[in-house]
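Analysis of the macromolecular model
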Amino acid sequence: MKDIFCFINNEDVEKKLKELMYCEMPMKVIIENFFINENRLPNLGIYYNFFDYMTNNGFSFDGNVIEVGAGYFPTFSRYVEQYQNENKLNGTILAYDPKLIETVPSRIEYHKEEFTEETDVSGCSILVGIYPCNCTMTIVRSALKNNIPFGIVMCRCKNYSEIDEIKELTESMPGRCDVFCLDNNVLVVTYNPHVKKRVRI
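Not measured: the values here are computed from a predicted model.

**A word on the overall build of the protein chain**
Scanning the protein chain for helices and strands turns up 6 helices and 7 strands. Element order for the protein chain, N to C, with α for helix and β for strand: α-α-α-β-α-β-β-β-α-β-α-β-β. Put simply, the protein chain has 201 residues, and 49% of those count as buried. Looking at the protein chain alone, contacts between residues at least 24 apart form 57% of all its contacts between residues at least 6 apart. As presented, the protein chain carries roughly 10600 Å² of accessible surface, and 47% of it is formed by carbon and sulfur atoms.

**Describing the packing of aromatic side chains**
Scanning the model with the defined rule gives 9 aromatic pairs in all. Seen in terms of ring centroids, F50 and F76 are 5.5 Å apart; in terms of plane orientation they differ by 45°. Their pairing is tilted. Remark: F76 occurs in helix 4 (residues 75-86) and F50 occurs in helix 3 (residues 45-55); sequence separation between them is 26 residues. Classification of F50 as buried rests on a relative accessible area of 0%. Between the aromatic rings of F51 and F61, the centroid separation amounts to 5.0 Å while the plane-to-plane angle is 50°, which identifies the pairing as tilted. Of the two residues, F51 sits in helix 3 while F61 sits in the loop between helix 3 and strand 1 (65-68), which places them 10 residues apart along the sequence. F51 gets classed as buried once you look at its relative accessible area, which sits at 7%. Taking relative accessible area as the criterion, F61 reaches 1% and is therefore assigned buried. By way of ring pairs, the aromatic residues F50, F51, F61, F76 and Y83 are connected into one cluster.

**Notes on the pairing of strand 4 (residues 126-130)**
By the criterion of burial, strand 4 is predominantly enclosed, with 5 of the 5 residues buried. Covered by surrounding structure in strand 4 are I126, V128 and I130 together with L127 and G129, the residues of both alternating faces. Strand direction decides the pairing type here: strand 4 and strand 5 (residues 150-153), joined by 4 bridges, are parallel. Of the residues in strand 5, the one forming a bridge with G129 is I152. A crossover connection joins strand 4 to the parallel strand 5 through helix 5 (residues 136-145); in handedness this β-α-β unit is right-handed.

**Considerations on the side chain of E67**
By secondary structure assignment, the location of E67 is in strand 1. Excluding anything up to four places from it in sequence, E67 contacts P74, T75, F76, S77, L94, A95, Y96, V128 and I130.

**Here's the deal with the pairing of strand 2 (residues 93-96)**
Because side chains alternate across strand 2, one face comprises the buried residues I93 and A95, and the other comprises L94 and Y96, equally buried. Pairing of strand 1 with strand 2 involves 4 bridges; the strand directions are parallel. Residue pairing across strands places I66 opposite L94, the latter belonging to strand 2. As for the winding sense of the linkage, the β-α-β connection from strand 1 through helix 4 to strand 2 is right-handed.

**What about the sheet that holds strand 2?**
With mixed pairing, the 7 strands of this open sheet are ordered in space as 3-2-1-4-5-7-6. Among the strands making up the open sheet, the edge pair consists of strand 3 (108-111) and strand 6 (175-182). Direction aside, the axes of adjacent strands within the sheet are offset by 15° on average. Pairing of strand 1 with strand 4 involves 4 bridges; the strand directions are parallel. Residue pairing in the sheet places E67 in a bridge with V128 of strand 4.

What counts and how
Residues numbered from 1 in each chain as written. Predicted model: local features only at pLDDT ≥ 70, side-chain atom pairs only at ≥ 80, totals over all residues. Heavy atoms only, no water. Helix = DSSP H or I, 4+ residues; strand = E, 2+ residues; numbered from the N terminus. Buried < 20%, exposed > 50% of the residue type's maximum accessible area, 1.4 Å probe, protein only. Contact = heavy atoms within 4.5 Å. Areas by Shrake-Rupley, 256 points an atom, 1.4 Å probe, with all protein chains shown as cover. Phe/Tyr/Trp six-rings, centres within 6.5 Å; stacked < 30°, edge-to-face > 60°. Pairing = 2+ DSSP bridges. Right-handed = clockwise from strand over helix to strand, strands pointing away. Axes fitted to C-alpha atoms, helices over the stretch in contact; angles between N-to-C directions.

Take a look at the structure:
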């Protein structure tokens, strides 16, 4: 088996990844099994649980998907790719992050750049971010401007300060915005313009 670190030239990045991998076994399994050996992804961890939640709550991954802030390895995009392959779907999958590392060949289009509000999202059916940090509000504004559903696993780096702004932005929108906890207090925000918001009583 290839050593995962043969893909990485920066020693600081390699050190940080090793620290992550050896304290988070599911990530090590995911990276080695799928990003190097091309095996099926395991049904565990926050990436799978978030994907599973969204597919069971009115969000479709049959079309064109964009993952923002994918990190070194676009794990969520791999779950989408696996789903689309198994269901013989023809959607596209785009992953955005300057830190992306391309490993095995796949249907995922790697965009080693920042996602901005000027990024072309025409034809996109859903925007997703897993701990996208500074790109959080960029995802929200781009999705709302283009009437695209989105789902974000919120990063703690700003103490979830974006939540109130997201609620304010979606308040006047016709779709439904949900904020909830997933997997040991991991905060998630979703918005679906195709589902009417709950009526307050």
